Amino acid sequence: DADAATARTTLGVLAASTSVAGLIELATAAETQAVTATDRAVTPVSRASLLPVAWVSFDGTTNTAGNCTIGADYNVSTVTDNGTGDYTINFSNALADAHYAIAGWSYGDGVIVSGNGSNVPTSSACRIRNRGHEGSYVDSAKITVIFFR
């Protein structure tokens with residue numbers, strides 16, 4: 001912005017580039033989220049709210065000792081099989097709180113991932129249900145769920 005440019009000129013500081021050492025300006029959290037800071041550095045902390053806090057891809061048709069087989073994940077320890085199309089995703093490290101967003105997808109029969117209204121999400125786990133087009137709960141061979149906070 002203009003104030004930063006004036007400060008650089010007054011102090012005789014060069015703006016940094018890939019070939020010149022100098023002053024690096026950090027983007028604010030608002031600029032990072034709006035993706036408007038094209039001339040400022042973005043730190044991992046300022047991008048934290050844009051990254052998922054957990055995600056998992058699992059096979060809902062498997063049940064080994066009460067858990068589904070996880071294909072890949074981040075911050076998920078297990079996926080508990082509670083019954084047909086009913087799963088609890090357990091986080092490896094608890095989230096800050098239970099105020100997170102969830103999105104999901106499942107393969108086959110046009111099923112969708114939906115929250116289970118009788119179970120409130122917690123910072124350590126989230127129970128979901130996988131519903132088919134006809135309205136009943138179904139298992140799917142590939143279910144993916146992602147959590148943002």
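Above this text is the structure in question.
Quantities reported herein were computed from a predicted structural model and do not represent experimental measurements.

A. Expanded view of unusual backbone geometry. Located in the positive-phi region is Ala 65, a residue other than glycine, with phi close to 55 degrees. Tracing the chain through its elements places Ala 65 in the loop between strand E1 (52–64) and strand E2 (67–74). Non-glycine residue Asn 75 carries a positive phi angle of around 60 degrees.

B. Region of interest: the environment of Tyr 107. Structurally, Tyr 107 is set in the loop between strand E5 (101–106) and strand E6 (112–115). Relative accessible area serves as the criterion here: at 55%, Tyr 107 is assigned to the exposed category. Placed 37 residues apart in sequence, Tyr 107 and Thr 144 show a C-alpha to C-alpha distance of 8.9 Å. Excluding anything up to four places from it in sequence, Tyr 107 contacts Ser 140 and Lys 142.

C. Main features of the packing of aromatic side chains. As enumerated under the stated definition, the model contains 5 aromatic pairs in all. Ring plane angle 70 degrees and centroid distance 5.1 Å describe the contact between Phe 58 and Tyr 87, whose orientation is recorded as edge-to-face. Separated by 29 residues along the polypeptide, Phe 58 in strand E1 and Tyr 87 in strand E4 (residues 86–91) bring together distant segments of the chain. Here Phe 58 matches Tyr 87 in class, with each residue buried. Ring geometry for Trp 105 versus Tyr 107: centroids 6.4 Å apart, planes at 50 degrees, classification tilted.

D. Seen up close, the pairing of E4. Most of E4 is tucked away, with 6 of its 6 residues classed as buried. Neither face of E4 is exposed, since Asp 86, Thr 88 and Asn 90 on one face and Tyr 87, Ile 89 and Phe 91 on the opposite face are all buried. Two strands pair when backbone bridges link them, and strand E3 (residues 76–83) and E4 are joined in this way by 6 bridges, in the antiparallel orientation. From the neighbouring strand, Val 79 faces E4, where its bridge partner is Ile 89. Between E3 and the antiparallel strand that follows it, E4, lie 2 residues; Gly 85 among them carries a positive phi value of about 65 degrees. For E4 and strand E7 (residues 125–131), the ladder comprises 5 bridges, and the chain directions are antiparallel.

What counts, and where the lines are drawn
- Residues numbered from 1 in each chain as written.
- Predicted model: local features only at pLDDT ≥ 70, side-chain atom pairs only at ≥ 80, totals over all residues.
- Heavy atoms only, no water.
- Helix = DSSP H or I, 4+ residues; strand = E, 2+ residues; numbered from the N terminus.
- Buried < 20%, exposed > 50% of the residue type's maximum accessible area, 1.4 Å probe, protein only.
- Contact = heavy atoms within 4.5 Å.
- Phe/Tyr/Trp six-rings, centres within 6.5 Å; stacked < 30°, edge-to-face > 60°.
- Pairing = 2+ DSSP bridges.

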